[in-house]
Amino acid sequence: MTRISRKAEQFTESVIREMTRQALQYGAINLAQGFPDFPAPDEIKQAAQEAVAADINQYAITWGARDLRRAIARKFATWQRVEIDPEREITVCCGSTEAMIATLLAIADPGEEIIVFEPYYENYGPDAILSGARPRYVKLHPPETPDGEWSINPDELRTAFNPKTRAIIINTPHNPTGKVFTRTELELIRNLCVEFDVIAIIDEIYEHILYDGVEHISIASLDGMRERTVTINSLSKTYSVTGWRVGWAIAPPELTAAIRKVHDFLTVGAAAPLQAAGAAALALRKEYYEQLAQGYTERRDLLLAALRGAGFRAFRPRGAYYIMTDISAFGAADDLAFAQYLVQKIGVASVPGSSFYSGRGGEQQIRFTFCKRADTLATAIVNLQKLRT
Ligand SMILES: Cc1ncc(COP(=O)(O)O)c(C=O)c1O
């Protein structure tokens, strides 16, 4: 009677969302889940209100309102220099979360493999399992110095590719490490995708959150990749509206046709008035993105210095809004015990590193987010100083 599916048995509840619940329970500052606690831009809130008032309140076209798809195509051409057809190559979904699972359900079969770099954003493992495919993990190696770069071993990557490989998921800028994949790394991945006839799925929801002058490269813009790439993005992080649940997948027409079918039966569509507001968001001026990155650079610098001052070996992120840390210096039993101590006794919620690994790994790592107001970060920093006493 109470049996659950073999698929559901294979993964646990989200640790990140659980840490948010614990932050509330213990009254701790939530540096666990990546949602901003500051307001979204006025222009786009206004656009959402106007859309509701104008009665854009019924189902949108299942694969996305035309204005939003056109805005997505314009923005992709401007920023990534890739021309796409909004009529045949975009599916608007309920966040990039749905775009990812709809894509995997549309392209993968049982017995096939999906390559995922580890540590990874925790949804990808369950996503692959739900699609029936098997995730195959390739290590991102931590830098030797805290200011260095997380790296791929090309031999390990090549070994992961085989005739069963259906797709590779690339998240750049990367959660949880802050790694931004370089052109050389993406070309290496491109060459393997072409050789083994594999689809690249790129999750680029942090594309505008970049530091230290690094450049985000969309793998679809590399020669030979446009026809074998699914580019996933959303409003969530770029416009600070994680609760709106509007994202999209850009893919060649045949793949898009399959993604649209799956999406239709999963959710029918994303919220219509918020899709209308999304079109306004994507039309914001270039300065908006510069200010976004500038604001996050200040927050990153603040939290990085505070974590290092409190005794963490904190890795400098080049993009996204997380700091991965090594906690070895504290002599804790493991990441789970240390995260419990932080939330209950220090007053800061974080995410235990092991939740970004499939098997062993991350037991001496903890992730913090800094997508918070200056006063939230200031309180967290005061609390973290208790670790020194
Ligand atoms: C890498 C990555 N992908 C996807 C998501 C979820 O995005 P969305 O709100 O668009 O579903 C997150 C959220 O933290 C993320 O870090």
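This text goes with the structure placed above it.
Structural notes, computed from the coordinates. Keep in mind it's a predicted model, so treat the numbers as computed, not measured.

1. Some details on the overall build of the protein chain
Along its length, the protein chain carries 13 helices and 14 strands. At 20 Å, the protein chain has a C-alpha radius of gyration in line with the 21 Å of a compact globule built from 389 residues. Taken along its principal axes, the extent of the C-alpha atoms in the protein chain is 60 × 55 × 50 Å. A total of 389 residues make up the protein chain; the buried ones form 58% of that total. Pairs at least 24 residues apart make up 74% of the contacts formed inside the protein chain by residues separated by at least 6 positions. Of the roughly 16,500 Å² of accessible surface on the protein chain, 52% is carried by carbon and sulfur atoms. Each charge class in the protein chain was averaged separately, 43 positive and 47 negative side chains, and the resulting centres sit 2 Å apart.

2. Focus: the packing of aromatic side chains
Per the counting criterion, the structure on display carries 21 aromatic pairs. Ring geometry for Phe161 against Phe196: centres 5.6 Å apart, planes inclined by 45°, an arrangement best described as tilted. You can see Phe161 sitting in the loop between helix H7 (154–160) and strand S6 (165–171) and its partner Phe196 sitting in helix H8 (residues 183–196), a full 35 residues away along the chain. Centroid distance Tyr206 to Tyr321: 5.3 Å. Interplanar angle 75°. Geometry classified as edge-to-face. Here Tyr321 lies in the loop between strand S10 (313–314) and strand S11 (322–326) and Tyr206 lies in the loop between strand S7 (199–203) and strand S8 (229–234), a separation of 115 residues in the sequence.

3. Some thoughts on the sheet that holds strand S2 (residues 90–93)
Working definition: the strands of a sheet are paired by backbone hydrogen bonds and lie parallel or antiparallel to each other. Reading across from one edge, S2-S9-S8-S7-S6-S3-S4-S5 is the order of the eight strands in this open sheet, with mixed pairing throughout. Of all strands in the sheet, those with a lone pairing partner are S2 and strand S5 (151–152), marking the two edges. In this sheet, strand S9 (residues 247–250) lies alongside S2 in antiparallel orientation, the contact comprising four bridges. Opposite Cys93, over in S9, you have Gly247 as the bridge partner. Helix H9 (residues 253–267) contacts S2, S7, S8 and S9 of the sheet and is inclined by roughly 20° relative to S2.

4. A closer look at the sheet that holds strand S13 (residues 351–352)
A sheet is described by the order of its strands in space; here four strands give the open sequence S10-S11-S14-S13, paired in antiparallel fashion. Both edges of this open sheet fall to S10 and S13, since each of them pairs with a single strand only. Docked against the sheet, helix H12 (residues 335–346) engages S13 and strand S14 (365–369), running at close to 40° with respect to S14.

5. Brief notes about the pattern of salt bridges
Counting across every chain of the model gives 27 salt bridges. Between Arg316 and Asp147 there is a salt bridge, with the nearest N and O atoms lying 2.9 Å from each other. In this pair, Arg316 is assigned in the loop between S10 and S11 and Asp147 in the loop between strand S4 (134–141) and S5, connecting sequence segments 169 residues apart. Note on Asp147: relative accessible area 35%, which makes it partly exposed. Each of Glu149, Asp212, Arg300, Asp301 and Arg318 takes part in a single network of salt bridges with overlapping partners.

6. Looking at the site of the ligand
Taken together, 15 residues surround the ligand, and among them Thr97, Asp203, Tyr206, Ser236 and Arg245 come closest. For the ligand, an oxygen atom lies 2.5 Å from a polar atom in the side chain of Thr97. For the ligand, the protein covers 93% of the area, taking 400 Å² as the surface of the free molecule. At three residues, helix H5 (residues 95–107) tops the list of elements feeding residues into the shell around the ligand.

7. Digging into the pairing of S14
In terms of burial, S14 is largely enclosed, as five of its five residues are buried. Here S11 runs beside S14; their pairing, made up of five bridges, is antiparallel. Residue pairing in the sheet places Thr325 in a bridge with Ile366 of S14. Bridging between S13 and S14 involves two bridges; their strand directions are antiparallel. Considered in S14, the bridge of Pro352 is made with Ile366.

8. Brief notes about helix H4 (residues 66–80)
With 15 residues, H4 ought to run about 21 Å at 1.5 Å a step, and its terminal C-alpha atoms sit 21 Å apart, in line with that. What H4 keeps buried is the set Leu68, Arg69, Ala71, Ile72, Ala73, Lys75, Phe76, Ala77 and Gln80. Contacts made by the buried residues of H4 are with S2, S8, S9, H9, helix H10 (272–282) and helix H11 (286–309). Where H4 ends, the next residue or the one after it, Arg81, has phi of about 55°, a positive value.

9. Here we look at the environment of Pro352
Mapped onto the secondary structure, Pro352 falls in strand S13. Remark: the alpha-carbon pair of Pro352 and Gln340, spanning 12 residues in sequence, is separated by 8.9 Å.

10. Observations concerning the environment of Gln385
Relative to the elements of secondary structure, Gln385 occurs in helix H13 (residues 374–385). For Gln385 and Ala306, which are 79 residues apart along the polypeptide, the C-alpha to C-alpha distance reads 8.0 Å.

11. Remarks on the pairing of S8
In terms of burial, S8 is a largely internal element, six of the six residues being buried. Side-chain alternation along S8 places Thr229, Thr231 and Asn233 on one buried face and Val230, Ile232 and Ser234 on a second face that is also buried. As judged from the four bridges shared by S7 and S8, these two strands associate in the parallel manner. Residue pairing in the sheet places Ile202 in a bridge with Thr231 of S8.

Thresholds, definitions, all that
- Residues numbered from 1 in each chain as written.
- Predicted model: local features only at pLDDT ≥ 70, side-chain atom pairs only at ≥ 80, totals over all residues.
- Heavy atoms only, no water.
- Helix = DSSP H or I, 4+ residues; strand = E, 2+ residues; numbered from the N terminus.
- Rg over C-alpha atoms; globule rule 2.2 N^0.38 Å.
- Buried < 20%, exposed > 50% of the residue type's maximum accessible area, 1.4 Å probe, protein only.
- Contact = heavy atoms within 4.5 Å.
- Areas by Shrake-Rupley, 256 points an atom, 1.4 Å probe, with all protein chains shown as cover.
- Lys, Arg positive; Asp, Glu negative; His and termini not counted.
- Charge placed at Lys NZ, Arg CZ, Asp CG, Glu CD.
- Phe/Tyr/Trp six-rings, centres within 6.5 Å; stacked < 30°, edge-to-face > 60°.
- Pairing = 2+ DSSP bridges.
- Axes fitted to C-alpha atoms, helices over the stretch in contact; angles between N-to-C directions.
- Salt bridge = Lys/Arg side-chain N within 4 Å of Asp/Glu carboxyl O.
- Near = heavy atom within 4 Å.
- Polar contact = N/O pair within 3.5 Å; in protein donor to acceptor, adjacent residues only side chain to side chain.
- Expected span 1.5 Å × (residues − 1).

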